[in-house]
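For reference, the chains in residue letters:
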Amino acid sequence: MSKNYRLAEGGRINREHTVNFQFNGKSYSGFAGDTLASALLANGVHMVGRSWKYHRPRGILSAGAEEPNAIFQLEKGKYTVPNARGTQVELYDNLDASSVNCWPSLDFDLMSINSKFARMMPAGFYYKTFMWPKSMWMKYEHFIRKASGLGESPRQNDPDRYEHAHAHCDLLVVGGGIAGLTAALAAGRAGARVMLVDEQAEFGGLTLNSHAQIEGKSASQWIEDTVAELQAMEEVTLLNRATAFGYHDYNFLTVNQRLTDHLPLSERKSGREKVWQIRAHQVVLATGAAERPLVFANNDRPGVMLASAVSTYVNRYAVKPGNRVVIFTNNDSAYQTALDCKAAGIEIAVVVDARAQSSSELANTVRSAGIEVLNGSAVVDTSGGKHVSSVKVMNLAADGKSVSGSVKNISCDLLAVSSGWSPVVHLSSQSGAKAIWNDDQAMFLPGTPTQAQVSVGAANGTLDLKNSLHQAALAGNAAAKACGFDSDMAAPSAEALASEAILPLWQVPSIHASGRGPKAFVDMQNDVGVADIQLAAREGFHSVEHVKRYTAMGFGTDQGKLGNINGMGVLAQTLGQSIAETGTTTYRPNYTPVSFGAIAGQNLGDELFDPVRKTAMHAWHEENGAEFENVGQWKRPWYYPRNGESLDEAVNRECLATRESVGILDASTLGKIEVVGRDAAKFLEMIYTNNWMKLEVGKARYGFMLGEDGMVMDDGVTVRIAENHFYMHTTTGGAAGVLAWMERWLQTEWPELEVFLTSVTDHWATAAVVGPNSRRVVSAVCDGIDFSADNFKFMDSRVGKIGDLECRVNRISFSGELAYEVNVPANYGRYMWEELMQAGAEYNITPYGTETMHVLRAEKGYVIVGQDTDGSVTVEDLGMSWALSKTKTDYIGKRSLNRPDTLRKDRKQLVGLVTEDPKTVIPEGAQLVDNPGAPMPVPMAGHVSSSYYSACCGHSIAMALVKGGHHRTGETVYAPLANDRVIKATITDTNFYDKEGAKANA
Amino acid sequence: MPDLFQQHSPLVQIDFGELQDNAPTIEETPFLGYLNLRGKTSNMAFVAAVLKVLGVEPPTTANTMVESGDYRIYWLGPDEWLVITPTGQAGKVQSELNAELKDVFSSIVDNSSGLTLLKITGENATKLLNRDCPLDLHPWVFKPGQCAQTRFAKAGMTIAPLRDGSGFEIIIRRSFADYIGLWMQDACVEFE
Amino acid sequence: MLLIECPYCGERDETEFSYAGEAHIARPLETEKLNDAEWADYLFMRKNPKGAHREQWLHAAGCRRYFNAERDTVNYKVKSTYKIGEQS
């Protein structure tokens, strides 16, 4: 283990705290404050992975979110994380990292054979080769996925917790560099509610590397003081390790805060990540800028690194990324890297500057430090195996279009490159501001805002400290003022630094014919080279969006943060047009990858994924062994198995007990709506298909609701409680929709109607007492009601008492049995239920669930809306035209009943089915055909909507929607199943039990 | 009046007593009376009847609530209010309102068993609620006297700041109460 | 994520609302007198414009009122909202 690359002093690391970690199974150590990347570099490890297509050796290129190469698989098993950027992973004790995309190992990679055939694998190679013949794609794909995969997805359940939070603020500042801190400070001092989010552990951004002075103190001291001042403000919230990954409409931003990723696994207790959903009045984007690499032959060799990253490793992490550096630039900023390297004792071979001249103050400082500068030159190639060992330098024409002269070989183990800077305009672009190309600065600048946001500092293309601070203070003041705060903070003072113009250089001219020389990479993660873009252009892909998709440029986990702008430059040059004309690809969320866990938050599992609604008797059902079924969001008892009964056994028992004596069902989940007002009956006339004006008080009626398309939408029984007061039942699943539907008609179409609707679904608990002994049970419990058959008829409604408790009893039946529904306020639901159970004990009262309810109703041919109907079924199709008023001129959906399609004779109509073998139950959903032996495609005759074994009938029963079925009674249909079995059945009517209806009317 | 001891709260299966040390306090006030009141404030007879029975006119400013003696009236919509009464009094108030509003376009529906009330107090009350309530609950924005119908997680709720600034009361539907209770218990893991 | 101004409750998060289709489609009177084409026009035909669109929204998790909104289908900006029966 070597530590030759750690500087003796400096950096923002804690040398007191040694951190041990593993990379590809080998042990290393670093310090607290290191990233995985800086710790590897301190150990002399540059090569960390292989490229996805050619499997070329790749090294650490950057020091931030833009990193394309240094991506790792962290940890194993359930804690594993794929494709983590080592440049952002904070080092922790016992961190276990491994390279992605190497097989079988990093040093010996079988797939690197691809590299030898690179010329045969140009852009679009996979599309052209493997997509044809189509039938072979599945085989190719398997191989390609293995060869090209990035990290591995976790295969086990994620053990971590994830959380969400909503937040609101006057000003949200994204980016905690000096610009962001200044904007936050201005608004914070003014008293505004400010949130500042930054993706790093420490606030300060790139300036943490800087030797500059702010307000007469060192930049790092100023940062420390400013953070402390902000932290002390009550209305200011600072979030570190928090990446703003999406900028949505109406200043809604999503921020992912990593709470425990920096801790050893053993210390991770609380939630791992928290997704903040922030609604901000004003937004300041201080997201900084990312340096671009230069594009030249073999520019992907480990040891090639962004100049600013070299500075970061040297200054912030006290790491020497090499012993002898060549710096290759087309702009001024890399000269600072030269000074940083010199101060760290790194030998500087030469500064290669593409520009014919460089005479800024910074450049001159470098020269006076004795550092050689080669102007009008370019690095044209690199040598070395898995690490750069020398570079080739040639003269570059003033326009950057050609190289000439002799080749100088310069030995080095580090090549620092800079092709200028790209403001991080991702969030600005996501917000709707289209990025604008600026020729002078050779960068895309944030476009005109379409939301209340502004970019400042490097994110706005302002690369010098003084102007950044100035802009940031103005933006902070303006944001506070826009929110009603008086704010006039002066910008923190700093010295101005003049710089010279950049020479845009999208690719170093090749000394080889196009596509013939060594590869020059634009997008390192996706192995997209200059030649690929040129080929795409030659093949007719001119839109940058098409070139992106054809070459895969910008498709990686880094989303082309480093490569895209160079790629657009290469494309523009190839097409002989400007970058402004070429344009950018679209910037979309997410800025950096976000885990699925973070998106789900706590909305997971059986209890919290979706609301679980429970009735007042739920605890009783649980205590009495019920199995539950989801009905909409409700948990309803499905059946109550006794002594290890199966579903079928329990249901058969429940059905027989109910039909022979008495059963009890929790019917509380039905939707209940009070319809009150002078026009209540008139309103129901429009909502339902049948007549309501003449319904007597104390009587109930069954009704269908249709959509305007004439199709069945909902059904239920409605009771007239008083002249102007109805109590409506809806289906369990349809309750909310029906209320909204009726409100819509009242509010938007018939506001003149005097009707008020109020949902009381949750207020009432309902027990359906069903069976020949039901009268005996309810009359024992409910006082004040004459339950005699003559005085309390089918579809009557009465009010009585259970003790001192008022109850409403409706004699309605969904089973064909004598049945009563007892309603009490739900707080007393369990009390009522237990009273009924006690009174029913002598009749062996049997609680039953939804499965028995389904069988009982199917035996009578009663339909369930949503099971026997699917939005394409009319009342006529159900054979229930008796429910359609003949006298009303209009109701919702009526006109549609005369549409030609609704009148078709071959519509699917509801029929009963009895199978040839009485024990065979046809699966619900089975398709029906007239001739299973017919040549394919076999014409479909219909499908089965409900199907059960009926213990009471002694054979299976089914309901089906069959074309023209109402006229096919007695005919045979077949249900061919997936397992080649064919079930034969005869069409019947839908009433299988007590056809005369004597039992319900008993 | 029926025996109050025969009542069961919808939160009968939830225990808020054992939350994390820094979690807000969550306490149910069960069995209050809730009346859903509908009517048109353009109708003077309606306003007068409400004033007579409840001692205060129904608030016409959206998202506000008024108190009158033991009663509280929440604005729910331009013609809709929630009247909260002490335990066991909803029936009496309903009868009085019905009597006064016999010939006036209105509706008074007892929803006492359909709702329950939670008080969420303590330092982290806002934090807990904003875990999945999209509303801005900051005291500059959401002040005593205001109320709002919004959502918590995937369920609806009516929320109002408590007068003493200690937190909020939320009114939730019976059938969603257990879900909300479990969600809050789970969210409180953050407050170890 | 939109921020929608309920004409009653003020600005609220989009998740409190549900969409209710194109606005200002009056239900025809005397539907029985319409021919199939006229009825189909009411039943099925919707504008689906690129740009300004009048829509109905319901403040479902709030005051349960329907209202009208003028929304731009290109940039999602809700230009105005107004109560049923009012003009924008």
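Placed above this text is the structure.
What comes next concerns the included structure. All values reported here derive from a predicted model rather than from experimental measurement. (Residues numbered from 1 in each chain as written. Chains lettered and ligands numbered in written order. Predicted model: local features only at pLDDT ≥ 70, side-chain atom pairs only at ≥ 80, totals over all residues. Heavy atoms only, no water.)

Concerning the overall build of chain A
Within chain A one finds 25 helices and 49 strands. If you line up chain A on its principal axes, its C-alpha atoms span 115 × 70 × 55 Å. A total of about 38400 Å² of accessible surface is found on chain A, and carbon and sulfur atoms cover 51% of it. Separation of charge centres in chain A, based on 94 positive and 111 negative side chains, amounts to 5 Å. (Helix = DSSP H or I, 4+ residues; strand = E, 2+ residues; numbered from the N terminus. Areas by Shrake-Rupley, 256 points an atom, 1.4 Å probe, with all protein chains shown as cover. Lys, Arg positive; Asp, Glu negative; His and termini not counted. Charge placed at Lys NZ, Arg CZ, Asp CG, Glu CD.)

What to know about the environment of Val425(A)
Residues and elements named next belong to chain A. With respect to the secondary-structure elements, Val425 resides in the loop between β25 (421–423) and α10 (426–430). By relative accessible area, Val425 is classed as buried at 1%. Taking C-alpha positions, Val425 is 24 Å from Ala496, a pair spaced 71 residues apart along the chain. Not counting residues within four places of it along the chain, the set of residues in contact with Val425 comprises Ala435, Phe444, Leu445, Pro446, Ala459 and Tyr587. (Buried < 20%, exposed > 50% of the residue type's maximum accessible area, 1.4 Å probe, protein only. Contact = heavy atoms within 4.5 Å.)

Here we look at the pairing of strand β1 (residues 3–6) of chain C
Residue and element names in this part refer to chain C. Direction of pairing for β1 relative to strand β2 (residues 10–13): antiparallel, over a ladder of 4 bridges. When the sheet's bridge partners are listed, Ile4 is paired in β2 with Arg12. In this structure, the hairpin formed by β1 and β2 is closed by a connection of 3 residues. (Pairing = 2+ DSSP bridges.)

Here we look at unusual backbone geometry
Residue Asn590(A) follows Pro589(A) across a cis peptide bond; omega there is 5 degrees. Position of Asn590(A) relative to the elements: it lies in the loop between α15 (579–582) and α16 (596–600). A cis geometry characterises the amide bond from Met936(A) onward to Pro937(A), with omega recorded as -5 degrees. The topology assignment puts Pro937(A) in the loop between β45 (927–928) and β46 (942–950). Backbone geometry at Glu30(C) places phi at a positive 50 degrees, although glycine is not the residue there. A relative accessible area of 46% places Glu30(C) in the partly exposed class. In this structure, Tyr76(C) takes a positive phi of about 70 degrees despite not being glycine.

Comments concerning the interface of chain C and chain A
Think of interface size as the accessible area that goes away when the parts come together; that is how it is often given. If you look at the interface, chain C gives 29 residues, while chain A gives 31 residues. Between chain C and chain A lies a buried interface of about 2400 Å² when both sides are counted; carbon and sulfur atoms form 46% of it. The three residues of chain C that bury the most area against chain A are Met1(C), Arg27(C) and Tyr66(C), which together make up 29% of that side's buried surface. Put simply, chain C and chain A have 5 salt bridges between them. In this structure, Glu743(A) and Arg64(C) form a salt bridge, with 3.6 Å as the shortest nitrogen-oxygen distance. (Buried area = accessible area lost by both parts, 1.4 Å probe. Salt bridge = Lys/Arg side-chain N within 4 Å of Asp/Glu carboxyl O.)

Structural notes on the interface of chain B and chain A
In this complex, chain B contributes 48 residues to the contact, which on the side of chain A involves 50 residues. Buried surface at the junction of chain B and chain A, both sides included, amounts to about 4500 Å², of which 52% is carbon and sulfur. For the interface between chain B and chain A, the tally reads 6 salt bridges. For Arg193(A), the salt bridge goes to Asp136(B), with nearest N and O atoms at 2.9 Å. Of all the secondary-structure elements, those providing two or more residues to the side of chain B that touches chain A are β2 (33–39), β6 (106–110) and α4 (174–187) of chain B. For the side of chain B that touches chain A, the leading source of residues is α4(B), giving 9 residues. A class-by-class count of the residues in the side of chain B that touches chain A yields 18 nonpolar, 15 polar and 15 charged. (Nonpolar A, V, L, I, M, F, W, Y, C, P; charged D, E, K, R; others polar.)

A closer look at the sheet that holds strand β38 (residues 756–759) of chain A
All names here are of chain A. Reading across the sheet, the 5 strands line up as β35-β36-β37-β34-β38 and stay open at both edges, with antiparallel pairing between neighbours. Among the strands making up the open sheet, the edge pair consists of β35 (700–706) and β38. On average, adjacent strands in this sheet sit at an angle of 30 degrees to one another, irrespective of strand direction. Note that β35 and strand β36 (residues 712–722) share 7 bridges and pair antiparallel. If you follow Leu706 over to β36, its bridge partner there is Val712. (Axes fitted to C-alpha atoms, helices over the stretch in contact; angles between N-to-C directions.)

A look at the side chain of His46(A)
All names here are of chain A. Looking at the element boundaries, His46 is found in the loop between α1 (36–42) and β3 (47–50). A polar contact is formed between the side chain of His46 and the backbone oxygen of Pro321, at a distance of 2.8 Å. Sequence-distant contacts of His46, defined by excluding residues within four places in its chain, comprise Leu41, Arg58, Gly59, Ile60, Pro302, Gly303, Met305, Pro321 and His387. (Polar contact = N/O pair within 3.5 Å; in protein donor to acceptor, adjacent residues only side chain to side chain.)

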